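Coordinates in review
Now for the letters of each chain:
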Amino acid sequence: MITAPADALEGGFSEAPLQSARAFREILEAMARPGTIRRVQGARPPEPLSVAAGVALLVLTDPTTRLHLAGAADCPAVRDWVAFHIGAPLTAAEDADFAVGTWDALQPVTRFRIGQPDYPDRSATLIVEVDRLVNHGPALTGPGIETATWLILPETAAFRANRALFPLGFDTIFTAGDRIAGLPRSTRVEAI
Amino acid sequence: MTDQAYNFAYLDEQTKRMIRRAILKGIAVPGYQVPFASREMPMPYGWGTGGVQVTAACLVPEDWLKVIDQGADDTTNAVSIRRFFQRTAGVAVTEATAEATIIQTRHRIPETPLTEGQILVYQVPIPEPLRFLEPRETETRKMHELEEYGLMHVKLYEDIARHGQIATSYAYPVKVEGRYVMDPSPIPKFDNPKLSDNPAIQLFGAGREQRIYALPPWTEAVSLDFDDHPFETSKAPHNCDLCGAKDSYLDEVITDDQGGRMFVCSDTDFCGGRRAAGHAGRLGGDQKSSKTFANSFEGIWPGAEVAR
């Protein structure tokens, strides 16, 4: 008999409809206003995933989305947790709809799907675990931003290259602890 | 009171996740129509099933929901959708634009400027701006892919050739962030300037056509035009007969069979707010509730029932 580790059964939403609704609104605000930092709650995923990454996975992924676990996130505890709470098929980076991991673990990011010219929505969303999220760093401009905003980024070159592919490209959600920020492909990142 | 027989906001969680993913992709590619697996809703197609699904995917219990149909809070479509969410999500509802956190709309943008933190959800009948020019989905998709929008300019040019001006007065196409041409749903072109650089999030849902698209806040949406025929808004050249507003979009109301007519704000909350603040138009001297006003067309005046 196969038994899942007891802690894999814990850490999901206790009231999924309400918790995922509130979390989605935060994620929507974060993606619609790139650079704004929001807080989410309700998930307790296993190490090394942050609360925010766990919430993003619970809200956005399910058995119809292919998920790539990158680097340290690809561990038995996370795999069991994803299997029980989400049921998303795990896949290679090239096929993924969603990917989660640190920026280093996700490299090279050019292997992720960027959509097709006629279906730019068929692209990957990267959930990037970072140490901290602060409004200090390269300037961001574009849709969702009134004049300019600033956000700490792991690097700028990859996001500038991604913007150059518009309307193709991947979209990024940054997570740190219970904090979350969005960087859709439409955002222009200042060169530093 | 929430109807416990339904999940929060009616839709099941799997459906909401699918819609939420589509909304986020729509936000990431402003103006691009994201296909989604639209569900059967307990109302017919054409009655806002797309907008209802988008609203359901965005609602939180703390929301204040406003629903308008051509600007009015008290018309059939608005009342039934508002009741639907009161019953299935238990959210608070309001008619005040400034108080609402989510506004679902059919064919109008409220007169009161929207603010950050608000979401405007449009009900869209035909999301494809090129559909009446090119019926084949395979072709319109290719045209968006190649940014080939010459056909739309030909259509506007033919308007000018035939009528001397651009005769398109609603569902006036806009170009979003210099890339996708988008149908703003059948809002009057009077509302087009409000699409651009709006602080609120604007989401568009087309249920029958299974498309979701979006304008993030502060996104540029330029109404298509020509250098020698620039885009112009239009409205009836009158003031509101109830509140006297000079700059709001007006409905023409036939009041009798003798050629009598009046013009009233299409945005009932805006008009009511102005009248409550003491503004009055040609016929708006005495304060009438919207119900009394509606009854007046039936010949039912307050006390008339008693008199009969």
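About the cut-offs
Residues numbered from 1 in each chain as written. Chains lettered and ligands numbered in written order. Predicted model: local features only at pLDDT ≥ 70, side-chain atom pairs only at ≥ 80, totals over all residues. Helix = DSSP H or I, 4+ residues; strand = E, 2+ residues; numbered from the N terminus. Rg over C-alpha atoms; globule rule 2.2 N^0.38 Å. Buried ≥ 20, exposed ≤ 12 C-beta atoms within 10 Å, placed from the backbone. Contact = placed C-beta atoms within 7 Å. Axes fitted to C-alpha atoms, helices over the stretch in contact; angles between N-to-C directions. Parallel < 35°, antiparallel > 145°, perpendicular 65-115°, else oblique. Nonpolar A, V, L, I, M, F, W, Y, C, P; charged D, E, K, R; others polar. Pairing = 2+ DSSP bridges. Core = buried A, V, L, I, M, F, W, Y, C linked by C-beta atoms within 7 Å. Right-handed = clockwise from strand over helix to strand, strands pointing away.

Turning our attention to the overall build of chain B. For chain B, the count of helices and strands is nine helices and twelve strands. Here the C-alpha atoms of chain B give a radius of gyration of 20 Å, agreeing with the 19 Å that 2.2 N^0.38 yields for 308 residues. On the principal axes, the C-alpha backbone points of chain B span a range of 65 × 55 × 35 Å. In chain B, buried positions account for 47% of the 308 residues. Look at the contacts in chain B between residues 6 or more apart in sequence, and 63% of them connect residues 24 or more apart.

Looking only at helices and strands, chain A has five helices and eleven strands in total. Relative to the compact-globule value of 16 Å for 192 residues, chain A shows a C-alpha radius of gyration of 16 Å, a close match. Along the longest, intermediate and shortest principal axes, the C-alpha atoms of chain A span 55 × 30 × 30 Å. Taken over 192 residues, chain A has a buried fraction of 50%. Once local pairs closer than 6 in sequence are excluded, the contacts in chain A between residues at least 24 apart make up 69%.

With that settled, consider unusual backbone geometry. The omega torsion of the bond from E47 of chain A to P48 of chain A falls at 0°, within 30 degrees of zero and hence cis. Locating P48 of chain A in the fold gives a position in the loop between β1 (37-39) and α2 (51-60). Cis geometry marks the peptide bond from Q107 of chain A to P108 of chain A; its omega dihedral reads -10°. Along the chain, P108 of chain A falls in the loop between α4 (103-106) and β4 (114-116). With a phi angle near 50°, E177 of chain B is a residue other than glycine that sits in the positive phi range. Positionally, E177 of chain B belongs in the loop between β6 (174-176) and β7 (180-182). For D197 of chain B, which is not a glycine, the phi torsion comes out positive at approximately 50°. Along the chain, the position of D197 of chain B falls in the loop between α6 (192-195) and β8 (201-206). Judged by the 13 C-beta atoms lying within 10 Å of it, D197 of chain B falls in the partly exposed class.

The next subject is the packing of helix α1 (residues 13-28) of chain B against helix α2 (residues 49-58) of chain B. Residue and element names in this part refer to chain B. In contact at an axis separation of 9 Å, α1 and α2 are set at 100° when each is read in the N-to-C sense. Overall, the two elements α1 and α2 adopt an arrangement that is roughly perpendicular. On the side of α1, the interface is formed by K16, I19, R20 and I23, while α2 contributes Q53, V54, A56 and A57. Broken down by class, the residue content of the contact of α1 with α2 amounts to five nonpolar, one polar and two charged.

The subject of this paragraph is the sheet that holds β8 of chain B. All names here are of chain B. Pairing within the open sheet is mixed, and its seven strands lie in the order β1-β9-β8-β5-β4-β2-β3. Edge positions in the sheet fall to β1 (34-35) and β3 (92-93), since each of these pairs with one other strand and no more. Its contacts with the sheet place helix α3 (residues 76-89) against β2 (64-69), β3 and β4 (102-106), and it is angled at close to 155° to β2.

Turning next to the interface of chain B and chain A. In many analyses, interface size is given as the accessible surface area lost on bringing the parts together. With 30 residues of chain B at the interface, the matching set in chain A holds 28 residues. Only α1 and α4 (137-145) of chain B provide two or more residues apiece to the side of chain B that touches chain A. Considering each element in turn, the side of chain B that touches chain A owes the most residues, ten residues, to α1 of chain B.

Next up on the list: the environment of V121 of chain B. Residues and elements named next belong to chain B. Examined against the element boundaries, V121 turns out to sit in strand β5 (residues 119-123). Judged by the 28 C-beta atoms lying within 10 Å of it, V121 is buried. It is 25 Å that separates the C-alpha atoms of V121 and M152, two residues lying 31 residues apart in sequence. When near neighbours in sequence (up to four residues on either side) are disregarded, V121 contacts G51, V54, T55, I102, I103, Q104, T105, L203 and G205.

Take the nonpolar core next. In this structure, I27, A56 and A99 of chain A together with I23 and L59 of chain B are the most contacted members of the largest nonpolar core, which totals 116 residues. Beyond its immediate sequence surroundings of up to four residues, A56 of chain A is in contact with I27, I127, I173, T175 and I180 of chain A. The next biggest cluster of nonpolar side chains, apart from the first, holds twelve residues, and it includes L242, A245, F263 and C271 of chain B.

We now examine the packing of helix α1 (residues 16-32) of chain A against α2 of chain A. Residues and elements named next belong to chain A. Their axes nearest at 10 Å, the elements α1 and α2 cross at an angle of 110°. Taken together, the axis directions place α1 and α2 in an arrangement best described as roughly perpendicular. For the pair formed by α1 and α2, the contact residues are S20, A23, F24 and I27 on the first element and V55, A56, L58 and V59 on the second. When its residues are assigned to classes, the contact of α1 with α2 shows seven nonpolar, one polar and no charged.

Attention now goes to the pairing of strand β3 (residues 98-102) of chain A. All names here are of chain A. In terms of burial, β3 is largely enclosed, as four of its five residues are buried. Where strand β2 (residues 67-69) and β3 come together, three bridges link them in parallel fashion. Counted as the bridge partner of L69 is V100 from β3. Running through helix α3 (residues 76-85), the crossover from β2 to the neighbouring parallel element β3 is left-handed. Bridge analysis of β3 against strand β6 (residues 125-129) gives five bridges, and the strand direction is parallel. Bridge pairing links A99 to L126 in β6.

For the rest of this paragraph, the subject is the pairing of β8 of chain B. Successive residues of a regular strand alternate their side chains across the two faces of the sheet. Residue and element names in this part refer to chain B. In terms of burial, β8 is a largely internal element, six of the six residues being buried. As paired strands, β8 and strand β9 (residues 211-215) are joined by five bridges and run antiparallel to one another. Bridge assignment links G205 to a residue of β9, and that residue is I212. Linking two consecutive strands that pair antiparallel, namely β8 and β9, is a turn of four residues; a positive phi of about 60° is found at Q210 within it.

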